[in-house]
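Each chain, written out:
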Amino acid sequence: MRSLLAAAGLVFASFSVLAQPGTLERLKTLQADPVALKAAVEAGRKASFFCANCHGETGISKMPEVPNLAGQNPSYLLEQIRKFGSGERKDQFMEGLIKVLKDEERVQIALFFASQGAARSKADAGQVARGKELFAKLCTRCHGDGAHGNDQYPRLAGQNLVYLQTSITRYRDGTGVRNNQLMSIATATLKNDDIVAIGNYLTQLP
Ligand code: HEC
Ligand code: HEC
């Protein structure tokens, strides 16, 4: 049953990426051309001036509930921008903001934040070992050993602790703010103190 659900989730996950072939294709084209990529990153820096109010000028947020975008995988960023735009992912402010961005700006902004050096935060040292153990057992198969993610899965290393804990809890509890079947399954057995331990482990990773 579990693996069947996981397989169904995988199908959904790939559909959601395929739902925006235009922008994803554009992102890949730019990534393959160093000169065009450099120009796109610069355009993204300019286009993201308003985002900096909350996410920081280089994507390192100063507010605990706002995620860092620096060093995140660009296709993941693009996909989350799409989800806010379509209302699949809920956040009053983000949903409104994203609607005014043109497709090309979305791609440029994703490439800009992705190109910036990732953050790293302090953690409660007493939580890290248990968080590491839980993460290795339940999460690395998608997010990777160092939690750097890949083209399909987000980077979690160095993410803000409060944001991590809120996000993991939302997936587990099925609040409807963010739905993802793979993440609901992966977090189903976590207790609140497991989420604290995993968050502390992830936030201090380079
Ligand atoms: C008023 C503050 C604010 C501004 C301005 C803002 N954001 Fe956000 N952003 C947030 C918050 C808060 C979240 C987390 C929402 C949640 O809890 O799911 C978020 C989440 C995101 C995410 C998801 C990151 C992840 O790890 O899943 C992306 C991508 C993003 N914002 C991009 C942008 C872009 C691009 C702009 C500028 C056009 C922008 N944001 C402007 C507050 C802001
Ligand atoms: C089967 C693959 C898979 C496994 C296993 C998995 N994840 Fe995820 N994770 C994903 C996908 C896909 C997303 C993006 C979902 C979306 O679009 O909301 C995600 C998103 C996240 C996010 C949101 C990141 C952000 O920037 O907002 C967090 C936090 C997270 N996962 C933590 C975990 C933890 C902790 C575990 C282990 C308990 C785990 N994941 C296991 C696939 C997985």
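Rules used throughout
Residues numbered from 1 in each chain as written. Chains lettered and ligands numbered in written order. Predicted model: local features only at pLDDT ≥ 70, side-chain atom pairs only at ≥ 80, totals over all residues. Heavy atoms only, no water. Near = heavy atom within 4 Å. Polar contact = N/O pair within 3.5 Å; in protein donor to acceptor, adjacent residues only side chain to side chain. Helix = DSSP H or I, 4+ residues; strand = E, 2+ residues; numbered from the N terminus. Nonpolar A, V, L, I, M, F, W, Y, C, P; charged D, E, K, R; others polar. Domains from an automatic or database assignment. Expected span 1.5 Å × (residues − 1). Buried < 20%, exposed > 50% of the residue type's maximum accessible area, 1.4 Å probe, protein only. Donors = N, O, S within 2.8 Å, 3.2 Å for Na, K, Ca; no water. Tetrahedral: all angles 85-135°; square planar, octahedral: opposite > 155°, others 65-115°.

## As for the site of ligand 2
Around ligand 2, a shell composed of 23 residues is seen, among which Cys-139, Cys-142, His-143, Tyr-163 and Met-183 lie nearest. In the environment of ligand 2, an oxygen atom lies 2.8 Å from a nitrogen or oxygen atom belonging to the side chain of Arg-178. Secondary-structure elements contributing two or more residues to the shell around ligand 2 are helix H5 (74–86), helix H9 (140–143), helix H10 (161–173) and helix H11 (181–187). Residues that form the shell around ligand 2 fall into these classes: 16 nonpolar, four polar and three charged. Mapped onto the domain boundaries, the shell around ligand 2 takes at least three residues apiece from domain 1 (2–114) and domain 2 (125–203).

## As for H5
Under the 1.5 Å per step criterion, the end-to-end length of H5 is 18 Å for 13 residues, consistent within 8% with the ideal 18 Å. Those residues of H5 that fall on the buried side of the exposure criterion are Pro-74, Ser-75, Tyr-76, Leu-77, Leu-78, Glu-79, Gln-80, Ile-81, Arg-82, Lys-83 and Phe-84. Of the residues flanking the end of H5, it is Gly-87, one or two places downstream, whose phi is positive at about 80 degrees.

## Let's talk about the coordination of the iron atom of ligand 2
Protein coordination of the iron atom of ligand 2 is provided by His-143 (NE2) and Met-183 (SD), with donor distances spanning 2.0 to 2.1 Å. Considering all six donor atoms around the iron atom of ligand 2, angles at the metal cover 86 to 179 degrees and the coordination shape is octahedral. Placement of the pair is His-143 in helix H9 and Met-183 in helix H11, with a sequence separation of 40 residues. The buried category is assigned to His-143, whose relative accessible area is 9%.

## Structural notes on the site of ligand 1
Around ligand 1 there are 22 residues in total, and Cys-51, Cys-54, His-55, Tyr-76 and Met-94 lie nearest to it. Separating an oxygen atom of ligand 1 from a side-chain N or O atom of Arg-89 is a distance of 2.7 Å. In the environment of ligand 1, an oxygen atom lies 3.2 Å from a nitrogen or oxygen atom belonging to the side chain of Tyr-163. Among the secondary structure elements, those contributing two or more residues to the shell around ligand 1 are helix H4 (52–55), H5, helix H6 (92–99) and H10. A class-by-class count of the residues in the shell around ligand 1 yields 15 nonpolar, two polar and five charged.

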